[in-house]
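# Fold and geometry: a report
If you want the building blocks of each chain, they are given just below.
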Number of protein chains: 4
Amino acid sequence: MSNKIKWGVLGGGGDSLIGVLHRVAASMFDAYQLTGAVFNPDVHVSLAFAKQIGISTDRIHANLDDMIAAELARPEEDRIQVFSILTPNFLHFPMAKQLLEAGFHVICEKPMTMTYEEALELQKIQQKNENIFGLTHTYTGYPMVRQMKQMIANGEIGAVQKVDAQYYQGWINPLIHDQEQRATTWRLNPEKSGISCCMGDIGVHAYQMLEYVTGQKVQSILADLNHLYADNQMDIDGTVLLRLGEYTKGVLRSSQIATGEENNFTVAIYGKKAALKWEQENPNYLYLLEEGQPLRVLKPGHGYNSEFSLDGTKLPPGHPEGIFDAMGNIYKGVAKAIRGEKFHEGEFPGMTDGVRGMNFIEKSVQSHRDGNVWVTLES
Amino acid sequence: MSNKIKWGVLGGGGDSLIGVLHRVAASMFDAYQLTGAVFNPDVHVSLAFAKQIGISTDRIHANLDDMIAAELARPEEDRIQVFSILTPNFLHFPMAKQLLEAGFHVICEKPMTMTYEEALELQKIQQKNENIFGLTHTYTGYPMVRQMKQMIANGEIGAVQKVDAQYYQGWINPLIHDQEQRATTWRLNPEKSGISCCMGDIGVHAYQMLEYVTGQKVQSILADLNHLYADNQMDIDGTVLLRLGEYTKGVLRSSQIATGEENNFTVAIYGKKAALKWEQENPNYLYLLEEGQPLRVLKPGHGYNSEFSLDGTKLPPGHPEGIFDAMGNIYKGVAKAIRGEKFHEGEFPGMTDGVRGMNFIEKSVQSHRDGNVWVTLES
Amino acid sequence: MSNKIKWGVLGGGGDSLIGVLHRVAASMFDAYQLTGAVFNPDVHVSLAFAKQIGISTDRIHANLDDMIAAELARPEEDRIQVFSILTPNFLHFPMAKQLLEAGFHVICEKPMTMTYEEALELQKIQQKNENIFGLTHTYTGYPMVRQMKQMIANGEIGAVQKVDAQYYQGWINPLIHDQEQRATTWRLNPEKSGISCCMGDIGVHAYQMLEYVTGQKVQSILADLNHLYADNQMDIDGTVLLRLGEYTKGVLRSSQIATGEENNFTVAIYGKKAALKWEQENPNYLYLLEEGQPLRVLKPGHGYNSEFSLDGTKLPPGHPEGIFDAMGNIYKGVAKAIRGEKFHEGEFPGMTDGVRGMNFIEKSVQSHRDGNVWVTLES
Amino acid sequence: MSNKIKWGVLGGGGDSLIGVLHRVAASMFDAYQLTGAVFNPDVHVSLAFAKQIGISTDRIHANLDDMIAAELARPEEDRIQVFSILTPNFLHFPMAKQLLEAGFHVICEKPMTMTYEEALELQKIQQKNENIFGLTHTYTGYPMVRQMKQMIANGEIGAVQKVDAQYYQGWINPLIHDQEQRATTWRLNPEKSGISCCMGDIGVHAYQMLEYVTGQKVQSILADLNHLYADNQMDIDGTVLLRLGEYTKGVLRSSQIATGEENNFTVAIYGKKAALKWEQENPNYLYLLEEGQPLRVLKPGHGYNSEFSLDGTKLPPGHPEGIFDAMGNIYKGVAKAIRGEKFHEGEFPGMTDGVRGMNFIEKSVQSHRDGNVWVTLES
């Protein structure tokens, strides 16, 4: 019998890209065995998909209730240990809640919940049950992001004095200018997507990344969002002023109408001694800027990287790894935690990131609605 | 006798880098003859410098009063036609005023004045006398900036929906952390530098560039500046939220504590149809982004560029031109104006840029002082 | 029962990077089930590794003979269909031969054999048995390489008039300068590595790529190799002049002493109408150069790419994929072939690439030994 | 009276780009005074051009004979000291010869002569007369090329073990495919252009650069040139194998049919300890590669650069300088030599570069004609 972690999946069937991403990530370090799933609300679709991807149909269920009941009925050593939640956003909270309460570990796609209140509730449950909870802020899995975090923690750039993150995409542009389309897209419907589109979907990635790499907390924010049309209820662009300390400031810029941009997510941290810059679209380069020194470009797999960074690189320098590899690293971290092995601080984002992220999203909207005023984040 | 424009220079002697920049720029299109100067408050220094650079000492004077008197005493056809003001900032306004009132044309280094009030006064004088006035926002002289302006004017990116400019330098970082140094640097002394350091020195370049390339006016701003130390009176970093229309928003980011950055000035304009991006440190590339199309990279000297852009390129594609060439293009534009030749809209920045820029600087400081609130710019 | 392809692996156990690469690639499209293996000459090691990565130990064998015998004893529908050969180079040929003769499909790591003669022998066997044979010239699996091939085939750059490929690494540099090390490294031992180090290991990748993307054959070559030390028997650097036609020329440059280079493999094809350039270290960009047109940069996942290219991209534009994904695409191609599905011309390199590659390696060495003279490749 | 160097110009009038380039370069450091000229074979055109660019017509002459006679008739302190030869290629040699014999210093555009024999003759004259002779291999004037030369001379990359230069342009591509055009273009006419087009025009730049930065001499070469059409007499593309020592090898690639390339001139030098790479189209970056170290990118104007490099940078880091500035640095070097001031080894290319370059061109053609064989360069 395999000693892999028994893994269940909710959602992610059919042509789902996120499903591919999670399955490949789970396979990368030979740590997980896909054991059961509710790929689809229609169990026939789920069963067909199981056959298609070549897994047993024995533990394919019609819904989460059945799944949980069946798994709990099994002896513990045969039971699915962790579930990945890849369903539509509004299902993240109820499913995570149910799973945590039933004692399962959870890997959850972002956003963790629809509201900050739900996030707090989920946090309480997890803290009580002591389950492992991973939140797939995938970009933190890149080796050079981990290197950035480590170097800042080591004091290599000195005290942080300025932060700047950008997350620019253009994909909403082609549909926002058409009245019919903007009225009907689920992404622009608050009931389906929550109170924010741009901040909720991508701004929160930039926010999490800033806190992740600096190891510091944003204290207060002032947001200016853009809806572009009066009849559009959701932000599709926005700039957020940040305060991490009285004199530690920054800015977060996020857009889905940055025409022609693909997934242009960048982060720059300026310290008293040096600076570090990273760009998601070219993730294998980390730029180190120091006054009066040549620009240095760090790349994965070299011995000058931290052990944490190297742990996430599988091949020798010059062999590009991509976003599948980043997600694989997060799955690897969760696997270590499930097995009780030692893992690195920050090896996978989790409940705290989710709670803080939901607070950021709600406060951004609040700051904007109240006339672009400073609001304090919950600490 | 030469038919070049007779050109006088105030300041810019000795090792002055700005002096080199202007002399080379003036020589580039064979349009100007350096005819007279007050290089230095000490006339002996001026005379020595004249000899050093190989020009006649006949029209070197001890001060501007003498210079103006001597030139006005000459027959008009022999008189210096235009003066470049390269003196310390606080002298820009009085010298420009005196020259304009005496009927000379003026090329002035930035900032035009110390205050918005002075700027308005200068504008009145110039409008009355109809002199030509060029303000050296040098970066507008790059061929690919001109191409960007022209393409936006032509509607090639559609209606502008988002603007983003960054001007990051790190040069103040090494001195700001030392209490003695930050107390004594003239750049951080409001009496010598005006009310703003970062916005006044570089933020205003970004502001002017945004209005230059879009052909639109920023209507209101909200600024968050950073002084980094309580005993430092001047901003050395700041982010400014921008409104160009109810739904046309943007952000301007400027810093002198972006550790390790050299002169990282970038501008991105996102339109309904496409986007254009440009970076000062690699000025010969203009990026055109369009949804679902390959990224296109435009370069100087090609036939696909506008006549305005091509007018500023001297060599075939692949022969890099730099900032001297950008300044040369501005001098070329002023020469056309002096000679009464046709020139392109935007061929050289001038009085309006100066007035709007001073207003932007003052309003940025006001917005910040009043608690990061929206303030309206004068139209 | 799973309908995945039953897959066996030879070699690639333990910390083998190539083992990880193949297992991840095989998992990417849910097409393969790792069913049996000889991971290591020591069966205990193999069994332990099987447990470690969570697969059944039932079909782990001590050697290939046992493996083949056991599989052939199974009913065909339960039998392993394809084996991947990841063993040391000198075992590629005998193992591939044995497997093909026994009726199995084969995926083989490069180099296919130790000599051209062996390559021809293997080709005969495969042609007789009609097995599917994939050779992992991994770089051909990148979506933008496929796009390059397709565009050239479509005539988008016109008739090819010049080709230029570079494969520069620096990894041998740290050891070649030490007499002891260069005498003992297996890579520099002809008995273990074959007659060529640099051309055999990486030059052949560049050669295969040039023929792959152009769809043309190199007719003759002139090679100048470098051994750097008189006591080193193997080439570690070399330049090869190429003729693809009387007036279609090119050059292939390959080095393992290009100090500090990682895996700098580039290919440029210049046609009568346009040119295409690609770089392995930034594999998601394909550069299209056309006289008098802006440079165009094509990226994966966009609708302007060919169906063949799109077939190898799993995520939306802006989500970098890397070398695992390239290998995954090759495995996907082999899977299609095994299942009798339609696949693209060039979807996986195979026997012809292997035969031609071995001929190229031997002829390069011959050209050099004979005094850098032109030699004709077998057609 | 000005103490600038009195400077004469032959050719370069009207719309001549090379004329602009030399005039701007001469003006950059305030060292030269344009004093006399034969801009054009038609003296009326010369006179009109002198007026247009605003210089006195007193010393504009109909031809070089008159010019020399008139200048020699002047007192030495009033005499033109140095002439720049910007005329068509076939006039370089006779004009340079006449000027050197008459005792003038010379700055000559490349190619220095039409043949190697002429080059040797010119060298003898110059050595006898001890005039200063500058040859405008402009690219050596870039600050980062000078830094590269200096670092190699300092041993910072260790012993050179491999060199690779590329000079790719595409400009002949649009005309070579038309029989009429290729028969009538002067560049493809040996009587007007000498025996080589591609090697003579740009290959020689790459050759000179390799010797310039390494401080070593190429000993022997093997060239494979391409004419593309049987009725075209001139090479328009070629690859040259290089030997700088028994185990120090390299390759030089040059093309005018590299479709869509602008002026893509690159040089890479790999040493035992590290490597340096530079690209003309982005001349302000010098890449330092070292095994196991982050890539370092050096830029002009920083204190870590050599004094030689810094001497050629006029503005602070981040202010791009271009090819005008490179030429200006060469003019600055010649000015130092004329004034008897100390200058840097390699501050301006000269007679030796010209002689070696002509030898390289002729030997390349010879190697190709003789069947791509090794030929020895004159030492």
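Residues numbered from 1 in each chain as written. Chains lettered and ligands numbered in written order. Predicted model: local features only at pLDDT ≥ 70, side-chain atom pairs only at ≥ 80, totals over all residues. Heavy atoms only, no water.

Attention now moves to the overall build of chain A. Along chain A, the regular secondary structure elements total 13 helices and 14 strands. A compact globule built from 379 residues should have a C-alpha radius of gyration of about 21 Å, and chain A, at 21 Å, falls within 12% of that. Dimensions of chain A along its principal axes, counting C-alpha atoms only, are 60 × 55 × 40 Å. Per-residue burial over chain A gives 67% buried out of 379 residues. Restricting to contacts in chain A with at least 6 residues of sequence separation, those with at least 24 account for 68%. Carbon and sulfur atoms make up 48% of the accessible area of chain A, which totals about 12,900 Å². Of the side-chain charges in chain A, 34 are positive and 45 negative, and the distance between the mean point of each set is 5 Å. (Helix = DSSP H or I, 4+ residues; strand = E, 2+ residues; numbered from the N terminus. Rg over C-alpha atoms; globule rule 2.2 N^0.38 Å. Buried < 20%, exposed > 50% of the residue type's maximum accessible area, 1.4 Å probe, protein only. Contact = heavy atoms within 4.5 Å. Areas by Shrake-Rupley, 256 points an atom, 1.4 Å probe, with all protein chains shown as cover. Lys, Arg positive; Asp, Glu negative; His and termini not counted. Charge placed at Lys NZ, Arg CZ, Asp CG, Glu CD.)

Residues and elements named next belong to chain A. For strand S2 (residues 32-38), the tally of buried residues reaches six of seven residues, placing the bulk of the element in the interior. In the sheet, strand S1 (residues 5-11) pairs with S2 via six bridges, with the strands oriented parallel. Residue pairing for S2: Lys6 is matched across the bridge by Gln33. Following the backbone out of S1, through helix H1 (residues 17-27) and into the adjacent parallel S2, one traces a crossover that is right-handed. (Pairing = 2+ DSSP bridges. Right-handed = clockwise from strand over helix to strand, strands pointing away.)

Here, the residues flagged by UniProt with the feature "domain: Gfo/Idh/MocA-like oxidoreductase N-terminal" (unreviewed entry) are residues 6-135 of chain A. In residues 6-135 of chain A, the share of helix is 45% and the share of strand is 19%. The end C-alpha atoms are 18 Å apart. (UniProt positions renumbered as here; feature names shortened; annotations may be inferred.)

Our focus in this paragraph is the interface of chain A and chain B. Chain A puts 45 residues into the contact, and the matching count from chain B is 45 residues. Of the roughly 3,600 Å² buried between chain A and chain B, counting both surfaces, carbon and sulfur atoms make up 49%. On the chain A side of the interface with chain B, the three residues burying the most area are Tyr247(A), Thr259(A) and Glu291(A), jointly 17% of the side's total. Where chain A meets chain B, there are 10 salt bridges. Across the pair Arg243(A) and Asp224(B) runs a salt bridge whose closest N-O atoms are separated by 3.0 Å. Linking chain A with chain B are 38 residue pairs in polar contact (both at pLDDT 80 or more). Contributions of two or more residues to the side of chain A that touches chain B are made by strand S6 (160-168), helix H7 (173-176), strand S7 (220-226), strand S8 (237-245), strand S9 (248-255), strand S10 (264-271) and strand S11 (275-279) of chain A. Per-element tally for the side of chain A that touches chain B: the top contributor is S6(A), with five residues. Classifying every residue of the side of chain A that touches chain B by side-chain character gives 18 nonpolar, 14 polar and 13 charged. (Buried area = accessible area lost by both parts, 1.4 Å probe. Salt bridge = Lys/Arg side-chain N within 4 Å of Asp/Glu carboxyl O. Polar contact = N/O pair within 3.5 Å; in protein donor to acceptor, adjacent residues only side chain to side chain. Nonpolar A, V, L, I, M, F, W, Y, C, P; charged D, E, K, R; others polar.)

Once that is clear, we can look at the relation of the copies chain A and chain B. Relative to chain B, chain A is turned by 180° and slid 0.0 Å along the rotation axis, the superposed coordinates differing by an RMSD of 0.0 Å. The transformation just described matches what one would write down for a two-fold rotation axis. Minimal C-alpha distance to the rotation axis in chain A is attained by Val373(A), lying at 4.0 Å. Comparing interface residues between copies, 100% of those in chain A also sit at the interface in chain B, which points to an isologous, same-surface contact. (Least-squares fit on C-alpha atoms with pLDDT ≥ 70 in both.)

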